[in-house]
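What follows is the residue order along each chain.
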Amino acid sequence: MKRFLVFVKKEFLHIFRDVRTMIILFLIPGALILLFGFVVSNDLKNATVSFLDLSNDEMTQKLSDKICSSGFFQRGENLSSYQEIDPALRGNKIKAVIIFEKDFSRKLIGEGKATVNIITDGSEPNMATMATNYISAIIADFNSDLAGKGATATLLVQPEVRMFYNPSLKGQHMFVPGVITLIMILICALMTSITITREKEFGTMEALLVSPLKPVQIILGKIVPYFILSFVDVIIILLLSRYVFDLPVKGSIILLLAESMLYILMSLSLGILVSTVSKTMQQAIFISLVGMMLPTILLSGFIYPIENMPKIYGWISAILPPRYFIIIIKNVMIKGTGFLYVWKETLILLIFTIAAIGISMRKFNIRLQ
Amino acid sequence: MTAKNIISVRDLNKSYGPVKALEAISFDVREGEIFGFIGPDGAGKTTLFRIITTLLLPDHGTVTALGLDCVKDFRELRNNIGYMPGRFSLYMDLTVEENLNFYATVFGTTVKENYDLIADIYSHIEPFKNRPAGKLSGGMKQKLALSCALIHKPALLVLDEPTTGVDAVSRAEFWEMLKKLKKYNITILVSTPYMDEAMQCDRVALIQGGRIMSVDQPERLSEGFTRKLFSVVASEKYKLITALREYPLTHSAYPFGESLHVTFRDDRYDDSLLDFLESKGVSGVTIEETLPGIEDRFLELMQKS
C-alpha cells in the first residue's frame, strides 16, 4: 500500500510541476467553457434593431417596446425612410431593421391583418436567422396577448417556432454537456496515455518493471491522480455554467456526478489502453487525438445531431462511448430526468469501462518488448 | 576460490526477427565479484542484461540469477536486483531527494535504513538534494542513479553502461565506488564500451556480435595475446598504416593512440620492412616491442571471428 501511495504522490508531483499539464488540466476546461459560452455563443443578447415606423401609432409603439424589452434586442436609432435602411445595416451596428407598414393599427383592427417587415443582414446568416426567429416569436407572443384580451381574434403572423427544454433559448444548454464530454476525453485519455508512454520513452519504465511494483499498482497509480483532478474539472465546469451562465443542473446533482465519475473512469481506461499499444508519446498523442478527440467532436452528437448523419456515421458513433455520455448528461442536466431514463446508456458505459480495463491489464507488459 | 555462482547462463540465444542479438552465450558470475562485459555498441550487452533482469525473455537457454530462474521466478528476482539501465532511469522533474525516496519506498525500504550503503556515493550529491534530477550534470546523474539502484541493498547490481557519457574524473570516481561496494558482498555485473575500464573488473567477458569471445581476469586476458607486439611510430600515421597493411609479412596493424600496434607473421621484422616503408615514402620510423593490452587482445579476437 505504501508503494502504491508513493507512486500516486510521484504522479501528482509530475502533474503539478509540469506547466503544460497544468494548463491542459485547469486552464483549457475553463477556457473552453467560456469560449463556447461567450464567443461561439448562439445567443442573442442586446442585438441592436432599428425601426422604420411608417404609421407610428399605439400598436406599433407597443410592439416595438415589447421587442426591445425582451432582453434580446435593444433599440437603435429610428429610421424615417427606406433609403436609410441600407446605410444602417452597412454600418454593422444594427442587426435587423423592423418596418411597420402604413396605417398599421387601422389595418390590424379593420382588416385583421397588418404587415411587419423584418430585414436582416444576410452576411451573418446565423445572426440573421436567429434575429428573425426571435422577432417572429415575440410577434407571435404579441398576437396571443391581443387575442387573449379579446381585442381581435385575428393573428398577424404565426411562426412555427417551439423550443423544448430550452424555453429561454439559451445556447449554453447545448454545449455544456458537449464540452464536459470532450474535456474528459482530452484530459483522461490523452494525459494518461502520455504519462505511461513517457515512462517508456525516458527509460524509467525499465526501472519500474525491475521493481516489486505490480502492473495493477502502476496502472491504478496512474489512474487515481487523473481521476481526482478530472473530477475537480467537472465540478469547476458545473460551477462555471451555474454562476457565469446561469445554468443550474435540473436533475439530481448526485446522479450527474456519479455518471461523470463513470465516464471519467471509462476515459482513463481508454487512455491506459492506448498507452499499452503505443511505444512513444507521439504515437499515444496521435491515437488519442485522431482516434478519440475527433470522433468525439464530430460523431458523438456534440455538434452535429446523430439523426442527421449518413447512416454509416451513425453506426460508427454507436461504438463511441462519448455518444452515450452526452445523452446521459443532457438528460440529467437539461431535461432533469432520473436514472430510469439513462440506465441503458449507463450500462453501455460500464461495459466499455470494464472491457477497456480488462484489455489493458492483459496487454500491460510485465516485460519489455 | 569456491564462491558460489550468483549468475549462471547456459547456451542463451535471443534474436529480434532475423537479427541474432545473442548466440550461444554461457558464463558464470561468482558471488561478490565485479564482472565486466566489454564490447562495442550493438554487441548484445544491453539485451543480455535485460534478460538477466527479467525484462526480456530468452529464445532458449537457461538463465539463473541468485539461484532463481530469470523467466519463471521473475517476481521474486525483481525484489533482489538493483538495475541501472543505460539511460539513467531518473524522474527529471523530481528532485534528487524525491527520486531516492521514491525508489526506496517502491522497493519497500527507507533511505535511512540503508543509508550507510550509499553514504559514500550520495554524499557527493547531497548538497544538491533539492535540485531537479534533470538539472544535474552527467556525473551527478550517474551517482544518483546508482544510489537509487542500490538503496534496497540488492544482492545483485546490474549496471548497463554506467559510464557512457560521463566525464573522465567521474568515471574514475565511479569505479572507486563500485570497488567499495565489495565489502557489502554485492555482486556487480557491469558493461562498458571502454577497454581501459576492463582493468577495474575482477573478471571480464569480451563480447562481440552477440558472442562471448573470451572470459578471464583482465590481466590474464591480455596474456592470451601470444604474438609479439610492436609499437610503430612515424610522422605520417595514415601513410604508415596503409603501407604497413600492404607489407606482405604484416599480420595486423591497428592504430593505438599516437602509435600503431603491429604484429608480424613470424613475430619479428628485419630491414626489409624499413626498406619497404621507405619505398612507400614513410620516413623517420621507430619500432619497439611493447606489451599487449586488452584492446589488442580484443582486436585480435575480432579478427579471428
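The residue numbers shown here count from 1 along each chain, following its written sequence. Going through the entries in the order they are written, you letter the chains from A and number the ligands from 1. Note on the predicted model: pLDDT of at least 70 is required for a residue's local features to be given, and 80 or more for side-chain atom pairs to be given and counted; whole-chain, interface and lining totals, by contrast, use all residues.

Participant: So what exactly am I meant to see when it comes to the sheet that holds strand β1 (residues 47-53) of chain A here?
Facilitator: Backbone hydrogen bonds hold the strands of a sheet together, and the pairing may be parallel or antiparallel. Residues and elements named next belong to chain A. Note on pairing: two strands pair once DSSP finds at least 2 bridges between them. A helix here means a DSSP run of H or I that spans at least four residues, while a strand means a run of E at least two residues long, and both kinds are numbered starting from the N terminus. Read across the open sheet, the 4 strands follow the order β2-β1-β3-β4; overall the sheet is mixed. For this open sheet the edge positions go to β2 (73-75) and β4 (116-120), each flanked by a neighbour on one side alone. The sheet shows a mean angle of 30° between the axes of neighbouring strands, taken without regard to direction. Examined bridge by bridge, β1 and strand β3 (residues 96-100) share 5 bridges and lie parallel to one another. Structural elements are reduced to axes, namely lines fitted to C-alpha atoms, with helices fitted over the stretch in contact, and the angle between N-to-C directions of any two is expressed from 0 to 180 degrees.

Participant: Help me out: how do you make sense of the interface of chain A and chain B in this one?
Facilitator: For every residue pair, C-beta atoms are placed from the backbone, and the pair is scored as a contact if these atoms sit within 7 Å. The interface is formed by 20 residues belonging to chain A together with 22 residues belonging to chain B. Elements with a contribution of two residues or more to the side of chain A that touches chain B: α1 (2-17) and α8 (204-209) of chain A. Taken together, the residues of the side of chain A that touches chain B break down into 9 nonpolar, 4 polar and 7 charged. Side-chain classes follow a simple rule in which Ala, Val, Leu, Ile, Met, Phe, Trp, Tyr, Cys and Pro form the nonpolar group, Asp, Glu, Lys and Arg form the charged group, and the remainder, Gly included, forms the polar group.

Participant: When you look at the pairing of strand β14 (residues 286-290) of chain B in this model, what are you seeing that I'm missing?
Facilitator: Here is the key point about a regular strand: its side chains alternate between the two faces of the sheet. Residue and element names in this part refer to chain B. Here exposure depends only on C-beta density: within 10 Å of a residue's C-beta, 20 or more other C-beta atoms make it buried, 12 or fewer make it exposed, and intermediate numbers make it partly exposed, the C-beta atoms being placed from the backbone. Summarising burial for β14: 0 of the 5 residues are buried, a small minority. Bridge count between strand β11 (residues 229-233) and β14: 5 bridges; the pairing is antiparallel. Bridging across to β14, Phe230 finds its partner in Glu289.

Participant: Any chance you could explain the domain arrangement of chain B here in plain terms?
Facilitator: All names here are of chain B. The split into domains, and so the bounds of each, comes from an automatic or database assignment of domains. Assigned domains within chain B: domain 1 (5-217) and domain 2 (229-304). Put simply, the middle of domain 1 and the middle of domain 2, counted by C-alpha atoms, are 38 Å apart. If you look at the interface, domain 1 gives 6 residues, while domain 2 gives 5 residues. Elements with a minimum of two residues in the side of domain 1 that touches domain 2: β9 (203-208) and β10 (211-216).

Participant: Help me understand the packing of α1 of chain A against helix α3 (residues 96-106) of chain B, please; the structure alone is not making it clear to me.
Facilitator: Angle between the axes and distance between the axes are the two parameters that describe a pair of packed helices. Between α1 of chain A and α3 of chain B, the shortest axis-to-axis distance is 8 Å and the interhelical angle comes to 155°. The pairing of α1 of chain A with α3 of chain B is recorded here as roughly antiparallel in orientation. Viewed along their axes, α1 of chain A and α3 of chain B form a crossing whose handedness is left-handed. Contacts between α1 of chain A and α3 of chain B involve Lys2, Arg3, Val6, Lys10 and Leu13 of chain A on the former and, on the latter, Glu98, Phe102, Thr105 and Val106 of chain B. An angle counts as roughly parallel when it lies under 35 degrees, as roughly antiparallel when it exceeds 145, as roughly perpendicular when it falls between 65 and 115, and as oblique in every other case. With the far helix as reference, a near helix turned anticlockwise by less than a right angle produces a left-handed crossing, and one turned clockwise produces a right-handed crossing.

Participant: Is there a simple way to think about unusual backbone geometry in this case?
Facilitator: Residues and elements named next belong to chain B. Despite not being glycine, Glu161 shows a phi value in the positive range, around 45°. Looking at where Glu161 falls in the secondary structure, it is placed in the loop between β7 (156-159) and α6 (168-180). Despite not being glycine, Asp267 shows a phi value in the positive range, around 60°. With respect to the secondary-structure elements, Asp267 resides in the loop between β13 (259-264) and α9 (271-279). A tally of 13 C-beta atoms within 10 Å means that Asp267 is categorised as partly exposed.

Participant: Would you take a moment to explain the environment of Thr337 of chain A for this structure?
Facilitator: All names here are of chain A. With respect to the helices and strands, Thr337 occurs in the loop between α13 (321-335) and α14 (343-363). Separated by 268 residues in the primary sequence, Thr337 and Ser69 have C-alpha atoms spaced 33 Å apart. Residue contacts for Thr337: discarding those within four places in its chain leaves Gly251, Asn331, Val332 and Val342.

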